[in-house]
Amino acid sequence: MKKNLLWAPHLYIIVPLFLFLLFPLTFQISFPKEFWVLQIYQLILYLGTFYLNYYVVVPKILFKNKSFAFIIVLCLIISISAILNYYIAVFNEVHLAMAKFDSTNQGSRVNFLTINSFMFLVVTLFLIFISTTVKVDERLKDISNRRKKLEQEKISSELALLKAQINPHFYFNVLHAIYALTETNVEKAQEALQSLSLMMRYVIYETKHHSSTLSKEIQFIEHYIKLMQLRIPKSTTVIFDKPKSVQDYSLSSMILLPFVENAFKHGITHHKEDEITIRISQDDTILFFEVFNPIAEISTKDLEESNGIGLTNTKRRLDLLYPNHYELETTEDLEKKEFRIILKLHLV
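What you see is a predicted model, and the numbers here were worked out from it, not measured in a lab.

**Quick notes on the packing of helix 7 (residues 186–206) against helix 8 (residues 214–228)**
Contact geometry for helix 7 and helix 8: axes closest at 9 Å, N-to-C directions at 135°. Between helix 7 and helix 8, the interaxial angle falls into the category oblique. Every pair of crossing elements has a handedness; the one defined by helix 7 and helix 8 is left-handed. From helix 7, Ala 192, Ser 195, Leu 196, Leu 198, Met 199, Tyr 202, Val 203 and Glu 206 reach across to helix 8, where they touch Lys 216, Glu 217, Phe 220, His 223, Tyr 224, Lys 226 and Leu 227.

**Comments concerning the packing of aromatic side chains**
The relative placement of two aromatic rings is captured by the distance of their centres and the angle of their planes. Taken as a whole and judged by the stated rule, the model has nine aromatic pairs. Aromatic side chains Tyr 54 and Tyr 55 sit 4.7 Å apart centroid to centroid with 85° between the ring planes, which places their arrangement in the edge-to-face category. Judged by centre distance (6.2 Å) and plane angle (70°), the rings of Tyr 224 and Phe 264 are edge-to-face. Remark: Phe 264 occurs in helix 9 (residues 257–266) and Tyr 224 occurs in helix 8; sequence separation between them is 40 residues. The exposure classification of Tyr 224 matches that of Phe 264, with both residues buried. Three or more aromatic residues joined by ring pairs make a cluster, and in this case those are Phe 50, Tyr 51, Tyr 54 and Tyr 55.

**What to know about the pairing of strand 4 (residues 275–283)**
Here five bridges tie strand 2 (residues 237–241) to strand 4, and the two strands are oriented parallel to one another. Each residue of the ladder has a partner; that of Val 238, found in strand 4, is Ile 276. Pairing geometry for strand 4 and strand 5 (residues 286–294), over seven bridges, is antiparallel. Looking at the pairing, Gln 282 lines up with Leu 287 of strand 5.

**Quick look at the side chain of Ser 212**
Its place among the elements puts Ser 212 in strand 1 (residues 211–213). At a separation of 2.9 Å, a polar atom in the side chain of Ser 212 contacts the side chain of Tyr 202. Aside from chain neighbours lying at most four places away, what touches Ser 212 is Tyr 202, Glu 217, Tyr 249, Ser 250, Leu 251 and Ser 253.

**A short note on the confidence of the model for the protein chain**
Predicted confidence across the protein chain gives a mean pLDDT of 79, with 77% of residues reaching 70 or more. For the stretch residues 299–309, pLDDT sits under 50, and the model shows 27 contacts to residues farther than four places along the chain or on other chains.

**Description of the pattern of salt bridges**
This structure, assessed with the given rule, holds eight salt bridges. Close ionic contact of Asp 319 with Lys 315 constitutes a salt bridge, the shortest N to O distance being 3.6 Å. Taken as a pair, Asp 319 and Lys 315 lie in helix 11 (residues 310–321) at a separation of four residues, close to a single helical turn. One salt bridge in this structure joins Arg 340 and Asp 333, with 3.4 Å as the shortest N-O distance.

The rules behind these values
Residues numbered from 1 in each chain as written. Predicted model: local features only at pLDDT ≥ 70, side-chain atom pairs only at ≥ 80, totals over all residues. Heavy atoms only, no water. Axes fitted to C-alpha atoms, helices over the stretch in contact; angles between N-to-C directions. Helix = DSSP H or I, 4+ residues; strand = E, 2+ residues; numbered from the N terminus. Parallel < 35°, antiparallel > 145°, perpendicular 65-115°, else oblique. Left-handed = near helix turned anticlockwise from the far one by under 90°. Contact = heavy atoms within 4.5 Å. Phe/Tyr/Trp six-rings, centres within 6.5 Å; stacked < 30°, edge-to-face > 60°. Buried < 20%, exposed > 50% of the residue type's maximum accessible area, 1.4 Å probe, protein only. Pairing = 2+ DSSP bridges. Polar contact = N/O pair within 3.5 Å; in protein donor to acceptor, adjacent residues only side chain to side chain. pLDDT = per-residue confidence, 0-100. Salt bridge = Lys/Arg side-chain N within 4 Å of Asp/Glu carboxyl O.

Right, dumping it as structure tokens:
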């Protein structure tokens, strides 16, 4: 398919050229063979001009920021092509053949050569314009593709960083909490180990291709919340509101976790009863994700700088993965001392 797309611009040039040069066949006139010889020569000149500009002049001169040299070279190519076309017409004695159609018109030769030269010049200029446009467009697309590739590599690096972020310190504290539970509540310790096991499996295996499903992301967040509840003060209430049934769509792996992690990491004051609310809802292909948490004594700017990949980097991931398909609102309500994150994401 990619090869077909690469050939498409060339076919759009070659086919119309053939049709243009064969157009005289529609006339109710029998043209002499000298005329068709000229048509073939012109086709060669047209294609030569097009591809000389496409493969050599534009990439070697224009793309090197030598605009003046580019104009000079194009003028030389056009002049040489026009001269060659004129003398080919003369040497093939097309004017003599054309004179047969109107022997009373002594200026038929001059008229034919003038019209022929003018048409050749117009078509040549058009082909140079097209070849330059196509080549520049291809270069811009190539630059865009390279940029996207680099951005995708950055996304992969950020996802790897996110995985690493929730690994050592988080797992160390959770295991320590589970160890303490084994002495007081064995059943709860077993449930915590199961949640930790499922979470580790998801991080290690399910995110290899950087794409998951909405249901798996919700389960992952649920396990994360359960384990975090082993570490946070008992005075902190966590409300996790999720849909009873999920219409499963593809979703970038761990795209929602930074918002949840942000709430636990910076939304617990340790001085009063805190409430963290995480709400997930769905309207067909639209995902609504909301996180409300208290504002600890830390500025929003410091909050972003100290929070793993941070809210800024997460927004950049959304920009790259879901361009024009999401709305993100982050609000710091100083009166209520609450930090709100509201994400509206179009899954398809």
